[in-house]
Amino acid sequence: MLHKQSSQRRLSPGSYEEDISQVLAPRLAQFAAVARHEHVTRAAQELGVPQSTLSRAMVRLEHDLDVGLFARKGRTVSLTPAGRAFLTAVERALAEVEKAAELVRADADPTTGRIAFGFLHTMGSETVPALIRAFRADHPHIRFQLIQNYGEAMLERLRAGDLDLCLTSPVPEAPDLVARRLDEQRLRLVVPDDHRLATRKRVRLAEAAEETFVTLEPGYGLRRITDDLCAEAGFKPKVAFEGEEAETLRGLVAAGLGVALLPPPAVARPGVVELTVTAPRAAREIGVAWLDGHPDTPPVAAFKRFLLARRGHILPQTALLDVREQGTRAPRDEAPDATG
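The rules we used
- What you see as residue numbers is a count from 1 along each chain, following the sequence as written.
- Local features in a predicted model are, by the rule used here, given only for residues with pLDDT of at least 70; side-chain atom pairs are given and counted only at 80 or more, and totals for whole chains, interfaces and linings are based on all residues.
- Excluded from the side-chain calculations are hydrogens and water; all other atoms, namely the structure's heavy atoms, are used.
- One requirement defines pairing of two strands: DSSP has to find at least two bridges between them.
- Only DSSP runs of H or I with at least four residues qualify as helices, and only runs of E with at least two residues qualify as strands; both kinds are numbered from the N terminus onward.
- In this analysis an axis means a line fitted to C-alpha atoms, helices contributing only their contacting stretch, and an angle means the value between N-to-C directions, from 0 to 180 degrees.
- Put simply, a salt bridge is a Lys or Arg side-chain nitrogen that is within 4 Å of an Asp or Glu carboxyl oxygen.
- With a 1.4 Å probe rolled over the protein chains alone, any residue whose accessible area is under 20% of its type maximum counts as buried; one over 50% counts as exposed, and the rest are partly exposed.
- Contacts are residue-level and defined by heavy atoms, with any inter-residue pair within 4.5 Å sufficient.

> I would appreciate a short explanation of the sheet that holds strand β12 (residues 272–279) in the present structure.
The pairing of strands in a sheet happens through backbone hydrogen bonds and is either parallel or antiparallel. Within the open sheet, the four strands sit side by side as β8-β12-β7-β11. Their pairing is mixed. Where the open sheet ends on each side, the last strands, each with one partner, are β8 (202–204) and β11 (260–262). The average undirected angle you get between the axes of adjacent strands in this sheet is 45°. Examined bridge by bridge, strand β7 (residues 188–192) and β12 share five bridges and lie antiparallel to one another. Residue proline 192 lies in a different strand from β12, and its bridge partner there is valine 272.

> Got a minute to help me understand the pattern of salt bridges in this structure?
Side chains bearing opposite charge may pair, as long as their charged atoms lie close to each other. The full count for this structure, using the stated rule, is 24 salt bridges. Residue glutamate 285 pairs with arginine 181 through a salt bridge whose shortest N-O separation is 3.0 Å. Residue glutamate 285 is found in strand β13 (residues 283–291), and its partner arginine 181 is found in strand β6 (residues 177–186); the two are separated by 104 residues along the sequence. Residue classification places glutamate 285 among the partly exposed residues on the basis of a relative accessible area of 36%. Given a relative accessible area of 39%, arginine 181 falls into the partly exposed group. When the shortest N-O distance is used, the salt bridge between arginine 250 and glutamate 247 registers 2.5 Å. With arginine 250 and glutamate 247 both in helix α8 (residues 246–254) and three residues apart, this pair spans about one turn of that helix. Taking relative accessible area as the criterion, glutamate 247 reaches 35% and is therefore assigned partly exposed. One salt-bridge network, held together by shared partners, links Arg181, Glu184, Arg281 and Glu285.

> Sorry if this is basic, but what is going on with the side chain of glutamine 30 here?
Inspection of the secondary structure assignment puts glutamine 30 in helix α1 (residues 16–37). Overall, glutamine 30 belongs to the buried group, its relative accessible area being 18%. If sequence neighbours within four positions are ignored, glutamine 30 has contacts with Leu47, Leu54, Ala57 and Met58.

Right, dumping it as C-alpha cells:
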C-alpha cells in the first residue's frame, strides 16, 4: 500500500537505526492486539484506550513503515502479507521484553533475588565463603553472582553495571563511588625458610631493601600497597616476577625466587616463614564499594546492611602465625589473624 506525502516526520535512511525503536516500540503491543482480534474496537477495549486513539496509532504505524499492514473491511481488519510477517517479529520481540521483565523482577525479589558481588582473589578462599554462609543463614534463597578479580578491574565492572557491590583494597576514593571501610588486615614479609631473616619473628621492612621481590602486577591494590610501603621504608623494590595470585607468589618465595609482602594464608605453606613487619606499619584496609546514586534492589540492600554491620569482623580469624610465634593467639591489632 502506498502512502501520500505527509508533512509529518518519517523515518529517513540516515535516522532509521537511531529512531526506529523510539517510533515503533510504544505501538508494538497495540499492533499485536489489533492483529489478534482483527477488530480495532475490541482491541481498544482490551488495551483500555479509546478506539479512535488506537485507529490513529495503527495508521501512523503504517505511515512510519511506509507499508500497509492491514486490509480494512468496515470495523474489521485483516493482516496483509507484510502485516503477518511483521506480527511474527513483533510477537517474538514482545516475548523477549516479557522475559527480560521477568528476569529483572526475579533478581529484585526480596526473598529469591540476585546479588552481583565482586571480591579480590585473596578474599576467595575463606573470607567471602564465610560471609555468604553467614548471610544466607537469614536469607537462604538469595542468589549470588560472584566475580573474582583485582581491584581496578572490579571498580570498572562496578561502573559498567556488572556488579552491585565489591569487596576491595585499598578502599577507593572516587566521586562516582561510595566506599566504606570494613576491616584491616596486617601484611607479613614472606621469606624462604632458609633465608637469612627466617630465624627472626619481626623485621623492619628496610632490612629487605636489598632483596628481590615477587609481587602482583601493576593495577592490583596489593601491588600499590607494596610499592608505597617500600617507598616509606626508603627503597624501591627490585622485582623479579609480577603475578596475579598471592598464593603463586608464596610458592615462588618457597622456591627461593624472592621475598613478598602478603596477607596471611588460609593454610600454612611449607618452605616459607612469615615475619611481622614492625616498621612501617604494614596493613591494608578492606572496604566495600558501590556506585553512587544507583538504587539498590532489596537483596542488595540487605547484603549491604549485613556487611556494614560486620565492620571489624569481616575477616576470619586464624591462629596459624601466632601459634608459631607465641604459642597463643595474639591480640587482633598486633597480628594479622585474618585471612583473605
